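Here is what each chain is made of, one letter per residue.
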Amino acid sequence: QVQLVESGGGSVQAGGSPSVSCTGTGNIFTINTMGWYRQALGKQREKVAVTTSGGQAVYADSLKGRFTISRDNAKKSVYLEMNSLTPEDTAVYYCYARIVSTTDWRDLEVWGQGTLVTVSS
């Protein structure tokens, strides 16, 4: 059983710079793509930033420059640093990964439970 465990969500005032983190657990052989999506109330889920195992990062155009994604392969973790937040950044942030497990050796698409980031003005 492979899981993604998120932490770091909470409430922050506009202009704040919180971070969220995610760690893969379970029978993991390797983690390929890893990153973050978000879903605001009444909106569709959207990509925030995604990284490959080699560290190449792709950001949503609207967020590039404000958000920074980083990865620690040894810890099976991915992090998202958020800067200059506004209320429109309020959303549930979901960790995402494509993982090869040691149980069936298939490429799996795995989602975390999500962590709520609330930005107040």
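Located above this text is the structure these notes cover.
Parameters and conventions
Residues numbered from 1 in each chain as written. Predicted model: local features only at pLDDT ≥ 70, side-chain atom pairs only at ≥ 80, totals over all residues. Heavy atoms only, no water. Core = buried A, V, L, I, M, F, W, Y, C linked by side-chain atoms within 4.5 Å. Buried < 20%, exposed > 50% of the residue type's maximum accessible area, 1.4 Å probe, protein only. Helix = DSSP H or I, 4+ residues; strand = E, 2+ residues; numbered from the N terminus. Polar contact = N/O pair within 3.5 Å; in protein donor to acceptor, adjacent residues only side chain to side chain. Contact = heavy atoms within 4.5 Å. Pairing = 2+ DSSP bridges. Axes fitted to C-alpha atoms, helices over the stretch in contact; angles between N-to-C directions.

**A word on the nonpolar core**
Counting residues in hydrophobic clusters, the biggest one holds 28 residues, and the most contacted among them are Trp36, Leu80 and Tyr93. Looking at this core, the elements that each hand over two or more residues are strand S3 (19-25), strand S4 (28-39), strand S5 (46-51), strand S7 (67-72), strand S8 (77-82), strand S9 (91-101) and strand S11 (115-120). The element that contributes the greatest number of residues to this core is S9, accounting for five residues.

**Observations regarding the side chain of Ser77**
On the secondary structure map, Ser77 appears in strand S8. Among the polar contacts listed, one links the side chain of Ser77 to the side chain of Thr23, at a separation of 2.9 Å. Among the polar contacts made by the side chain of Ser77, one reaches the main-chain carbonyl oxygen of Lys75 at a distance of 3.0 Å. If sequence neighbours within four positions are ignored, Ser77 has contacts with Cys22, Thr23, Met34, Arg71 and Asp72.

**Focus: the sheet that holds S8**
Consider a sheet: its strands pair through backbone hydrogen bonds, and that pairing is either parallel or antiparallel. Taken together, four strands build an open sheet; the order of strands is S1-S3-S8-S7 and the sheet is antiparallel. Every interior strand has two partners, whereas the edge strands, strand S1 (3-7) and S7, have only one. Averaged over all adjacent pairs, the angle separating strand axes in this sheet is 15°, with direction ignored. As defined by bridge partners, S7 adjoins S8 across six bridges and the pair is classed as antiparallel. Bridge assignment links Thr68 to a residue of S8, and that residue is Glu81.

Take it as geometry only, folks, not as evidence of what the structure does.
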